[in-house]
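Each chain, letter by letter, is given below.
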Amino acid sequence: MRPALEVADIVRAHGDEFRRAHAASLSGGQKRVLRAIELCRTAALGGHLERCDHCGHERNAYNSCANRHCPKCQSLARAQWLGKRQAELLRCEYFHVVFTLPRRLAALALQNKREMYGLLFRATAETLLEIAADPQHLGAQIGFFCILHTWGQTLTLHPHLHCVVPGGGISLDGSRWVSCRPNFFLPVRVLSDRFRNLYLRYLKKSHAAGKLRFHGELRKLSDAKNFARHLAPLRHSKWVVYAKPPFGGPERVLDYLGRYTHRVAISNHRLKELKQGQVTFTYKDYQHGSQQKEMALSADEFLRRFLLHVLPDGFQRIRHYGLLSNRHRAQNLARCRELLAMPEPVRPPPGDYRERCQQLSGHDPLLCPQCRSGRMVRMVFLSAADLVPRCDSS
């Protein structure tokens with residue numbers, strides 16, 4: 001069901017005021033995101049006329065903006081991505097490991113998203129691959145994928161990677177499948193220390209190579225000595241690497257991933273009310289037993305926090321590594337299935353994208369909202385000019 005309030009409603013009501021107030025600080029990407037969300041599924045983007053084949057009900061179906069930061073445009077992309085991953089699941093235990101950047105680096109990451117989020121992927125991937133290959137731990141080549149999230153429940157900056165990892169890999173000589181211990185993947189403390197050391201090493205190199213930018217209060221960090229002092233407390237602190245309980249089998253992985261892939265900072269269903277310039281939304285308070293609470297922010301502050309999580313153009317927020325890296329994925333998966341004595345996956349026949357969306361999400365976008373039994377059939381395409389009412393100048 002359509003939520004009572006959407007991010008688009010907030011942008012339409014307060015977007016112009018927000019743009020004027022923050023004209024000097026908004027990036028081109030942030031401006032494009034605001035504009036895309038504002039126009040998404042409106043007559044301005046055109047659409048098509050649909051008619052029910054049972055009761056004759058008609059509706060204008062407006063086009064989506066397809067922006068990856070839009071809360072309304074992720075369902076199809078998620079369904080298509082999950083469909084591809086379904087054929088790659090192995091018959092083994094799966095683990096979920098989360099790598100988090102320390103809060104002390106959040107402001108620096110905000111000014112250097114492409115560089116610092118890129119280093120987060122690099123340090124995380126190398127940590128998992130190196131520790132897993134160590135004969136003292138697993139002694140195997142592993143594969144996994146990582147999903148970048150940059151937000152906390154209240155839209156504050158909280159960069160972290162969700163990693164989904166099969167509980168085993170191919171032995172270093174390629175002859176057998178090596179399984180991890182039941183309910184245990186790799187030691188978290190070892191992962192944390194390695195992750196910290198790698199990230200700080202790469203961050204120092206980025207600074208020396210002039211790849212980091214510093215503005216405002218961080219300007220003083222452009223000096224190498226000041227930058228070293230800023231990083232010093234991080235060298236001996238414990239970095240958060242959290243290994244969640246295993247999924248319990250491959251059949252549960254996709255259901256779980258559906259809640260993590262292609263997400264944006266906040267879903268429309270968490271929004272409760274927009275009243276007198278205040279946005280009220282729900283959030284989970286993880287510090288108090290994941291209690292469901294409500295928070296109210298001014299529309300200006302809400303939009304400011306939402307735009308903190310706009311990624312640089314072309315930045316890949318889902319990446320595959322090791323045995324699942326793109327170049328040799330098919331060959332490696334075939335070898336894994338051979339070692340696990342698994343049959344070849346049955347690939348679903350190609351179909352209409354809306355049918356695939358229904359199969360993977362359980363929601364039928366073609367079901368008639370009026371009679372709930374017929375299906376909506378596309379009758380004619382409509383341009384924006386066809387949909388925008390014309391003024392009578394007579």
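All values reported here derive from a predicted model rather than from experimental measurement. (Residues numbered from 1 in each chain as written. Predicted model: local features only at pLDDT ≥ 70, side-chain atom pairs only at ≥ 80, totals over all residues. Heavy atoms only, no water.)

The next thing to look at is the sheet that holds strand 1 (residues 47-52). On the basis of which strands lie adjacent, the open sheet formed by 3 strands has the order 2-1-14 and antiparallel pairing. Looking at which strands have only one partner, the edges of the open sheet turn out to be strand 2 (58-62) and strand 14 (376-382). Averaged over neighbouring strand pairs, the angle between their axes works out to 30° when direction is ignored. Sheet analysis places strand 1 next to strand 14, joined by 6 bridges and oriented antiparallel. (Pairing = 2+ DSSP bridges. Helix = DSSP H or I, 4+ residues; strand = E, 2+ residues; numbered from the N terminus. Axes fitted to C-alpha atoms, helices over the stretch in contact; angles between N-to-C directions.)

Another point: the nonpolar core. If you look at the biggest cluster of nonpolar residues, it comprises 49 residues, and the most contacted ones within it are Leu105, Leu128, Leu138, Phe185, Tyr199 and Leu203. Of all the secondary structure elements, the ones that give two or more residues to this core are strand 3 (94-100), helix 4 (106-111), helix 5 (113-133), strand 5 (143-151), strand 6 (157-166), helix 6 (188-208) and helix 7 (224-231). Here this core takes 10 residues from helix 5, the largest share from any one element. (Core = buried A, V, L, I, M, F, W, Y, C linked by side-chain atoms within 4.5 Å. Buried < 20%, exposed > 50% of the residue type's maximum accessible area, 1.4 Å probe, protein only.)

The strand order across the open sheet formed by 5 strands is 9-3-6-5-13, and the pairing between neighbours is antiparallel. Looking at the sheet topology across the chains shown, the edges are occupied by strand 9 (241-244) and strand 13 (318-322). Going across the sheet, the axis of each strand differs from the next one's by a mean of 25°, ignoring polarity. Pairing between strand 5 and strand 6: 6 bridges, direction antiparallel.

Applying the stated criterion to the full structure yields 11 aromatic pairs. One aromatic cluster is present, formed by Phe99, Phe195, Tyr199 and Trp239 through successive ring pairs. Above the face of the tyrosine 202 ring, arginine 122 is positioned so that its terminal group lies 3.7 Å from the ring centre. (Phe/Tyr/Trp six-rings, centres within 6.5 Å; stacked < 30°, edge-to-face > 60°. Lys NZ or Arg CZ within 6 Å of the ring centre and 35° of its normal.)

Assignment of secondary structure puts glutamate 38 in helix 2 (residues 28-39). In this structure glutamate 38 comes out as buried when scored by relative accessible area, which is 12%. Apart from the residues lying within four places of it in its own chain, the contact partners of glutamate 38 are Val11, Arg12 and Arg19. (Contact = heavy atoms within 4.5 Å.)

This brings us to the pairing of strand 11 (residues 278-285). Consecutive side chains of a regular strand alternate in pointing toward one face of the sheet and then the other. Among the 8 residues in strand 11, 6 count as buried, and that is most of the element. Here strand 10 (residues 271-275) pairs with strand 11 via 4 bridges, running antiparallel. Counterpart to leucine 271 in the pairing with strand 11 is phenylalanine 281. Count of turn residues in the strand 10/strand 11 antiparallel hairpin: 2 residues, of which glutamine 276 carries a positive phi of about 50°. Across 8 bridges, the pairing between strand 11 and strand 12 (residues 291-298) is antiparallel. Its bridge partner lying in strand 12, lysine 284 is registered against glutamine 292.

With that settled, the discussion passes to the packing of helix 5 against helix 6. Two elements in contact, helix 5 and helix 6, have axes separated by 9 Å at closest approach and are oriented at 140°. One element, helix 5, and the other, helix 6, form an angle in the oblique class. Two packed elements cross with a definite hand, and for helix 5 against helix 6 that hand is right-handed. Between helix 5 and helix 6, the residues in contact are Glu115, Met116, Leu119, Leu120, Arg122, Ala123, Thr124, Glu126, Thr127, Leu128, Glu130 and Ile131 and Val190, Leu191, Arg194, Phe195, Leu198, Tyr199, Tyr202, Leu203 and Ser206, respectively. (Parallel < 35°, antiparallel > 145°, perpendicular 65-115°, else oblique. Left-handed = near helix turned anticlockwise from the far one by under 90°.)

On the secondary structure map, glutamine 136 appears in the loop between helix 5 and strand 4 (140-141). The sequence separation of glutamine 136 and tyrosine 286 amounts to 150 residues, and the corresponding C-alpha distance is 34 Å.

Now for the state of the cysteines. Enumeration according to the criterion identifies 0 disulfides in this entry. The thiol sulfur of cysteine 40 is not disulfide-bonded, and the nearest other cysteine sulfur, from cysteine 73, lies at 3.5 Å. In this structure cysteine 40 comes out as buried when scored by relative accessible area, which is 0%. (Disulfide = S-S within 2.5 Å.)

Here the focus is the confidence of the model for the protein. Counting all residues, the mean pLDDT for the protein is 89, and 92% of those residues have values of 70 or more. Looking across the protein, the model is least confident in helix 11 (residues 353-361), with a mean pLDDT of 58, and most confident in helix 5, with 98. The model gives residues 390-394 a pLDDT under 50, and that stretch makes 1 contact with residues more than four places away or in other chains. (pLDDT = per-residue confidence, 0-100.)

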